[in-house]
Amino acid sequence: MSKEKVSEAEVKDVNDVAEGTEATEKKKGKIDIKNILVLFLDYCAIILAYLLSLMFLSEVDFYLASLTYLSSVVTITPFYALGVIVLLFIVGLYPDHYSRVGVREARRLLFVTAFSTVVYFFMVEKMGEHFPSIFYVLGGLIQFMFTLGTRFFYRLTHPDKDFDTLPE
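Keep in mind that this is a model prediction, so the values were computed, not measured.

## Side note on the environment of Met-55
- Note that Met-55 resides in helix H2 (residues 33-60).
- Classification of Met-55 by relative accessible area gives partly exposed; the value is 43%.

## A closer look at helix H4 (residues 103-126)
- Look at H4: 34 Å from first C-alpha to last across 24 residues, which is about the 34 Å you get at 1.5 Å a residue.
- All of the buried residues in H4 are Glu-105, Ala-106, Leu-109, Val-112, Thr-113, Ser-116, Thr-117, Tyr-120 and Val-124.
- Just beyond H4, the residue with positive phi is Gly-128, at close to 90°.

## Side note on the confidence of the model for the protein
- Mean pLDDT over the protein: 75, with 66% of residues reaching 70 or higher.
- Ranking the elements of the protein by mean pLDDT puts helix H1 (residues 8-29) last with 49 and H4 first with 89.
- Scored below 50 in pLDDT, residues 17-26 makes zero contacts in the model with residues more than four places away or belonging to other chains.
- Here residues 163-168 is a poorly scored stretch, pLDDT under 50, and it has two contacts once near neighbours within four places are set aside; other chains count.

Here is what the cut-offs are and how they apply
Residues numbered from 1 in each chain as written. Predicted model: local features only at pLDDT ≥ 70, side-chain atom pairs only at ≥ 80, totals over all residues. Heavy atoms only, no water. Helix = DSSP H or I, 4+ residues; strand = E, 2+ residues; numbered from the N terminus. Buried < 20%, exposed > 50% of the residue type's maximum accessible area, 1.4 Å probe, protein only. Expected span 1.5 Å × (residues − 1). pLDDT = per-residue confidence, 0-100. Contact = heavy atoms within 4.5 Å.

What follows is the structure in structure tokens.
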């Protein structure tokens, strides 16, 4: 009895695991349109956050509504948004973590938003523009709400099968 016979079920289980590994490897190399869409939505949300912040402040103070401030925000913010997307990759919120929304992801997103808002402050100040500090705070809060909102929206529109089968 030195050699035991392997049952057909065990062989089938091993083959299923091997096929699952191959499918996972193929999926890693594949560009997923959902990942690109969420990335694009985050990019647009970040830009829109600071444009809305400027718009809200211009309602309060018409001096901020000048074209100089608008042009500086429009010039700097797209580069800033790319930097935020890179930070989101670094902290692990891409490519597939947008489908899981939890406290851990919200903390990571809060960290990225706070750090990137400080970087944005220094970028704008380096260009010689001087916005009130509420512009950065409001822009950071809107950015956080929008980027977290894209994840919640994706999660609501693509429910996980585990949540569909919860006990009553």
